[in-house]
Amino acid sequence: MDTSALKKVKALFLDMDGVLWTDKKEIGNLHQIFQSIRETGLTVLFGSNNATRTPEEYCEKLASFGVTVKPEQFFTSGIATVFQLHKDFPGRPRVYVFGSPSLKKLLSENNFEVVDENADLVLASLDRDINYDKISRAMIEICEHGAKFYATNTDSTFVTENGWRPGGGVMVRCVETCTGVKPFVIGKPNTVMIQMACETYELQPEEILAVGDRYETDIAGGLNFGAKTALVLSGYETAETAAILSPQPDLICRDLTELVNYFHEL
Ligand SMILES: [Mg+2]
């Protein structure tokens, strides 16, 4: 493995599902992995398309594995959505959320008015209580009231303890299908999250390593931004699917443990 691509890297931009854990089960020993990362001096940042949890909830989840991190290290599609929407809508925008209670809470806490009708924009994301009325309301807001359409991410699936399950992309496609409108997508492979991370931590694109288990989002997002990329085979992709990817990531590793070991060998 040619690890020369890692020499300029100062920060890891870690995807979480399929990299750190599979639902509630950690991948490797996270306490030891983060101890090992600390020894390399690398900054750790987290970037996930999953918008169903807040940074504080992720901090609690990592704490349950003996890892101490701060909310400022998280750039979820929810956080990036707040950043992007305040750029696009001045003041206190009215948003119809077709998504999780955590996402609604995040928006309410960040100067958005979460409404049931007459919205400036519709935001679609993973919603475990999806139903016909919600799809219908999103359609009415977009087609009859002129609301703009955004999506936190378009992931088709995500991994759980019991296997792969439908992702936020399913809700997004429901709205897209009935409206004929394509959303502005915040999550990877778009670069809103990684750009926000680099601006916040004053990093150049080549100084950040995008790490993820899914090529079409994590790696493609890194490539779109001009970052270095590492694919881990602990989640979505397998050695077989990884072999035929083009362009190839800078590194392909079994898991995060193996990736961190490369940094110790530089
Ligand atoms: Mg993932």
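Residues numbered from 1 in each chain as written. Predicted model: local features only at pLDDT ≥ 70, side-chain atom pairs only at ≥ 80, totals over all residues. Heavy atoms only, no water.

Topic: the pattern of salt bridges
Link 1 in the chain: What the rule picks out here adds up to 13 salt bridges.
Link 2 in the chain: Its salt-bridge partner being arginine 173, residue glutamate 176 comes within 2.9 Å of it at the nearest N-O pair. One end of the pair is glutamate 176 and the other is arginine 173, both in helix H6 (residues 168-179) and three residues apart, which spans about a single turn.
Link 3 in the chain: Owing to a relative accessible area of 13%, glutamate 176 belongs among the buried residues under this scheme.
Link 4 in the chain: Relative accessible area serves as the criterion here: at 42%, arginine 173 is assigned to the partly exposed category. (Salt bridge = Lys/Arg side-chain N within 4 Å of Asp/Glu carboxyl O. Helix = DSSP H or I, 4+ residues; strand = E, 2+ residues; numbered from the N terminus. Buried < 20%, exposed > 50% of the residue type's maximum accessible area, 1.4 Å probe, protein only.)

Notes on the domain arrangement of the chain
Link 1 in the chain: Each domain of the chain was delimited in the assignment, giving domain 1 (4-47 + 188-265) and domain 2 (91-185).
Link 2 in the chain: Computed over C-alpha atoms only, the centres of domain 1 and domain 2 are separated by 27 Å.
Link 3 in the chain: Taken together, the contact between domain 1 and domain 2 spans 11 residues of the former and 10 residues of the latter.
Link 4 in the chain: Together domain 1 and domain 2 conceal approximately 870 Å² of surface at their shared face, both sides included; 53% is due to carbon and sulfur atoms. (Domains from an automatic or database assignment. Contact = heavy atoms within 4.5 Å. Buried area = accessible area lost by both parts, 1.4 Å probe.)

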